[in-house]
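Chain by chain, the residues run as shown.
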Amino acid sequence: MNRISVPVRQLDPGLSLPLYSHPGDAGADLLSAEQFTLAPGERRLVPTGIALALPHGWVGLVHPRSGLAVRHGVTVLNAPGTVDAGYRGELKVCLLNTDRHEAVHFERGDRIAQLVLQQVDQADFMPVADLDASARGAGGFGSTGR
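None of the values given here were measured: they were computed from a predicted structure. (Residues numbered from 1 in each chain as written. Predicted model: local features only at pLDDT ≥ 70, side-chain atom pairs only at ≥ 80, totals over all residues. Heavy atoms only, no water.)

**Focus: the pattern of salt bridges**
- Under the definition given, this model contains 4 salt bridges.
- Taking the shortest distance from any N to any O, the salt bridge between Arg65 and Asp29 comes out at 2.8 Å. Taken together, the positions of Arg65 in the loop between β5 (58-63) and α1 (66-72) and Asp29 in strand β2 (residues 27-31) put the pair 36 residues apart, joining distant regions of the chain.
- Residue Arg65 is classed as buried on the basis of its relative accessible area, which comes to 15%. (Salt bridge = Lys/Arg side-chain N within 4 Å of Asp/Glu carboxyl O. Helix = DSSP H or I, 4+ residues; strand = E, 2+ residues; numbered from the N terminus. Buried < 20%, exposed > 50% of the residue type's maximum accessible area, 1.4 Å probe, protein only.)

**Focus on the UniProt feature "domain: dUTPase-like" (unreviewed entry) in the chain**
- Taking the numbering used here, the UniProt-annotated feature "domain: dUTPase-like" (unreviewed entry) corresponds to residues 17-145.
- Across residues 17-145, the secondary structure splits into 5% helix and 39% strand, with the terminal C-alpha atoms separated by 44 Å. (UniProt positions renumbered as here; feature names shortened; annotations may be inferred.)

**Brief notes about the packing of aromatic side chains**
- Summed over the entire model, instances satisfying the criterion amount to 1 aromatic pair.
- With a centroid separation of 4.8 Å and 15° between ring planes, the pair formed by Phe36 and Phe106 is classed as stacked. Residue Phe36 is found in strand β3 (residues 36-38), and its partner Phe106 is found in strand β9 (residues 104-106); the two are separated by 70 residues along the sequence.
- On the accessibility criterion, Phe36 (4% relative accessible area) is buried. (Phe/Tyr/Trp six-rings, centres within 6.5 Å; stacked < 30°, edge-to-face > 60°.)

Next comes the structure, spelled out in structure tokens:
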């Protein structure tokens, strides 16, 4: 497993930096910088108290935490959220409570999402008159069956 150095600006010094819970984990936990309650069906942009300087050629992908999803129906609305290498603002997570009946309360410092770092390439998009044929063709959205 490769490791890269990522400069982190602690906008809220009372919170820890993103941490991996176990050796080999793909996602580092992001923490809430505030206390709040998500009502049923409510969405909220939650600050994490950190800003990053990802290296060029890398992206941060903000994923939901499986435990929050299973136990409370809380997910990241635009999952995965994209943190581009050039972004220097505070990381914020758009949480959604999908439960129809129960509110979910969060304390400052609670784990709310996971940050997965991934190397990326950019494409040179080239206009063409026709695309190569493939077995799938233009079939999409359920065209391969159940």
